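What follows is each chain in one-letter form.
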Amino acid sequence: MVIKMNEGELKNRRIIIKNTENDQVIADTRIIRYNSSSNSVMISAASLLEKKFYNISAFIFSENSLYESYGTIRGTVTGNEIEVFLGKSREKEDRAKTRYPISVEGNVKGIYIDDKEISLHRGIHIETINMSANGILIKADAGSFDTGEMFTLVLEMGKDTLELQCEVVRIQSGKELLEEYGCRIDEIKVLQGKEQK
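Criteria and cut-off values
Residues numbered from 1 in each chain as written. Predicted model: local features only at pLDDT ≥ 70, side-chain atom pairs only at ≥ 80, totals over all residues. Heavy atoms only, no water. 1 Å grid on protein atoms, 1.4 Å probe; cavity = no way out; pocket = protein on both sides within 12 Å on 5 of 7 lines; lining within 4 Å. Points joined across faces, edges and corners; volume = space filled by probe spheres on them. Helix = DSSP H or I, 4+ residues; strand = E, 2+ residues; numbered from the N terminus. Nonpolar A, V, L, I, M, F, W, Y, C, P; charged D, E, K, R; others polar. Phe/Tyr/Trp six-rings, centres within 6.5 Å; stacked < 30°, edge-to-face > 60°. Buried < 20%, exposed > 50% of the residue type's maximum accessible area, 1.4 Å probe, protein only. Lys NZ or Arg CZ within 6 Å of the ring centre and 35° of its normal. Contact = heavy atoms within 4.5 Å. Core = buried A, V, L, I, M, F, W, Y, C linked by side-chain atoms within 4.5 Å. Polar contact = N/O pair within 3.5 Å; in protein donor to acceptor, adjacent residues only side chain to side chain. Salt bridge = Lys/Arg side-chain N within 4 Å of Asp/Glu carboxyl O.

Engineer: Teacher, can you tell me more about the layout of surface pockets here?
Structural biologist: Where empty space is left in the structure can be found by rolling a water-sized probe over the atoms. The volume enclosed by the second largest pocket comes to roughly 310 Å³. Around the second largest pocket, the lining is made up of 17 residues, and of these Asn12, Arg13, Arg14, Ala133 and Ile188 lie nearest the centre. Ranked by residue count, the leading element in the lining of the second largest pocket is strand β14 (residues 178-191), at five residues. In terms of residue class, the lining of the second largest pocket is built from six nonpolar, four polar and seven charged.

Here is the structure:
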């Protein structure tokens, strides 16, 4: 079903954009605003490493729905923003359960004990396997986390850094002394430029 979206539903919501030519993620960022007349959204130009023309697919995580769109990016930067033309969009079912493969290396910078974050001197190295609207599956050394444990995960996404507050909800054995940890995402912050320092 093709649907219409609105500004209130999309502003500040997460959008994952893939290049349809090679199915690679080219941006994972937040929507600055939505333009209903052109059916487009503005994102930070820093979200894209290469400012050029792309045919894209996009997944937008609104509060109650997951939208899938097929459109274009034309590569024109205006005031540090770039426009993403959404084309036809449809609402997907099972928003929370739909997972998208995304392979990024990251680092756990702190764990929570009694609701207080304790910074880790060296951090825990992880690799992401896939991600949904409110969850992430990661791979790390066996014994790194226990079920119910909360931590802050930092992921480098191009020029932006994502900081996720996660809670481990399940653990499954992997290969070669590794385990897979299914985590619920409680909060996401996008850090840009000076915020990362």
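Engineer: Looking at this structure, how should I read the packing of aromatic side chains?
Structural biologist: Pairs of aromatic rings are described using the distance from one ring centre to the other and the angle between the two planes. Per the stated rule, a full pass over the model turns up two aromatic pairs. Between Phe145 and Phe151, the ring centres sit 4.5 Å apart and the planes meet at 25 degrees, which makes this aromatic pair stacked. The burial state of Phe145 is the same as that of Phe151; both residues are buried. Through a chain of ring-to-ring contacts, three or more aromatic side chains come together here, namely Phe145, Phe151 and Tyr181. The ring of Phe85 carries Arg74 above its face, with NZ or CZ at 3.8 Å from the centroid.

Engineer: Help me understand the environment of Ile31 in this model?
Structural biologist: In this fold, Ile31 is placed in the loop between β2 (24-30) and β3 (33-35). Given the relative accessible area of 1%, Ile31 is considered buried. Considered as a pair, Ile31 and Ile43 are twelve residues apart in the sequence and their alpha carbons are 5.2 Å apart. Excluding residues within four positions of it along the chain, Ile31 makes contact with Leu10, Lys11, Asn12, Arg13, Ile15, Val41, Met42 and Ile60.

Engineer: What is the right way to read the nonpolar core from this model?
Structural biologist: One recurring pattern in soluble globular proteins: nonpolar side chains tend to sit buried together. Ile136, Ile138, Phe145, Phe151, Leu153 and Leu164 are the most contacted members of the largest nonpolar core, which has 21 residues in total. Broken down by secondary-structure element, the contributors of at least two residues to this core are β9 (105-113), β10 (116-131), β11 (135-141), β12 (150-157), β13 (160-173) and β14. Ignoring anything within four residues of it in the chain, the contact list for Ile136 reads Arg99, Thr128, Asn130, Met131, Leu153, Leu155, Leu164, Cys166, Tyr181, Gly182, Cys183 and Ile185. Ranked by size, the runner-up nonpolar core spans 19 residues in total, among them Ala58, Tyr67, Ile73 and Ile82.

Engineer: Can you help me understand the side chain of Thr29 in this one?
Structural biologist: Relative to the helices and strands, Thr29 resides in strand β2. Looking at Thr29, its side chain comes within polar contact range of the side chain of Ser47, at 3.1 Å.

Engineer: I'm lost on the pattern of salt bridges in this one. Help?
Structural biologist: In this structure the tally under the stated criterion is seven salt bridges. Salt-bridge contacts for Lys18 lead to Asp23; the nearest nitrogen and oxygen are separated by 3.8 Å. Note on Lys18: relative accessible area 9%, which makes it buried. Across the salt bridge formed by Glu167 and Arg184, the nearest N and O atoms sit 2.4 Å from each other. Pair noted here: Glu167 is in strand β13 and Arg184 is in strand β14, with a separation of 17 residues, a long-range link. Residue class for Glu167 comes out buried when judged on its relative accessible area of 18%.

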